[in-house]
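Spelled out from the first residue to the last, the chains are:
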Amino acid sequence: KDMAFDPKFRAGFALLSKYNLSYDCWLYHEQVDALADLARCFPETTIICDHIGMPLGVGSYKASESLPKWKDSMKKLAKNSNVFVKIGGMGMRTLGFGFDERPRPPTSDELAETWAPYVHFVIDTFGVERCIMESNFPMDKISCSYTVLFNALKKIVRNFDKEDKRKLFELNGKRVYRVQ
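So, here's what we can say about the structure. The shown structure was predicted, so the numbers you read here are calculated from the model rather than taken from an experiment.

Description of the sheet that holds strand β2 (residues 47–49)
The sheet built from four strands is open, its strands ordered β1-β2-β3-β4 with parallel pairing. The two strands at the open ends of the sheet, each matched to only one other strand, are β1 (23–25) and β4 (131–133). Direction aside, the axes of adjacent strands within the sheet are offset by 25 degrees on average. Strand direction decides the pairing type here: β2 and strand β3 (residues 83–87), joined by three bridges, are parallel. Paired with Cys 49 across the bridge in β3 is Val 85. Here helix α6 (residues 162–176) sits on the sheet in contact with β2, β3 and β4, set at roughly 115 degrees to β4.

Dropping the structure here:
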């Protein structure tokens with residue numbers, strides 16, 4: 001059973017809102033439903049789902065099988081208005097894109113083409129107001145440089161209006177993490 005259902009964990013989790021603290025959570029797609037339940041039970045606590053809820057595509061996980069489950073779970077998670085999603089971490093090996101196995105690193109155009117369906121799904125599901133662009137450096141370095149990563153993210157949202165881009169890359173993060 002997922003740790004999110006453990007009564008002791010939940011007792012501790014309940015203290016977050018008392019102290020005006022948020023909860024960042026890195027998990028895999030199979031754990032997103034448990035996070036959705038946690039968000040539903042603690043609506044006063046701000047929850048940040050890191051790395052797009054990480055749909056696995058390595059080992060015994062095939063992306064073609066993980067994606068439908070991930071999408072369904074992310075839709076359930078999005079029903080909770082206290083949840084935000086950080087868009088990043090896609091350079092890691094766990095998604096199964098294979099960029100880390102190539103002799104040459106990908107270009108920002110290649111990353112944008114590969115990552116766009118994931119990014120657009122998350123933004124469409126949660127809305128611009130609840131998404132935050134992130135890097136996951138140095139972990140994403142296995143696939144690309146920091147500059148290439150951010151160029152890819154900017155290319156994915158190139159057709160968004162200026163204010164939405166500012167929310168994704170700056171304002172939402174400041175708001176969620178209460179940064180002046």
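Some words on the environment of Asn 80
Topologically, Asn 80 is positioned in the loop between α3 (63–78) and β3. Judged by relative accessible area, Asn 80 falls into the buried class, the value being 11%. Sequence separation between Asn 80 and Tyr 19 is 61 residues, and the spatial gap between their C-alpha atoms is 21 Å. Leave out the neighbours within four places in its chain, and Asn 80 touches Ala 36, Ala 39, Arg 40 and Arg 130.

About the thresholds
Residues numbered from 1 in each chain as written. Predicted model: local features only at pLDDT ≥ 70, side-chain atom pairs only at ≥ 80, totals over all residues. Heavy atoms only, no water. Pairing = 2+ DSSP bridges. Helix = DSSP H or I, 4+ residues; strand = E, 2+ residues; numbered from the N terminus. Axes fitted to C-alpha atoms, helices over the stretch in contact; angles between N-to-C directions. Contact = heavy atoms within 4.5 Å. Buried < 20%, exposed > 50% of the residue type's maximum accessible area, 1.4 Å probe, protein only.

Treat this as a map of the structure, not an account of what it does.
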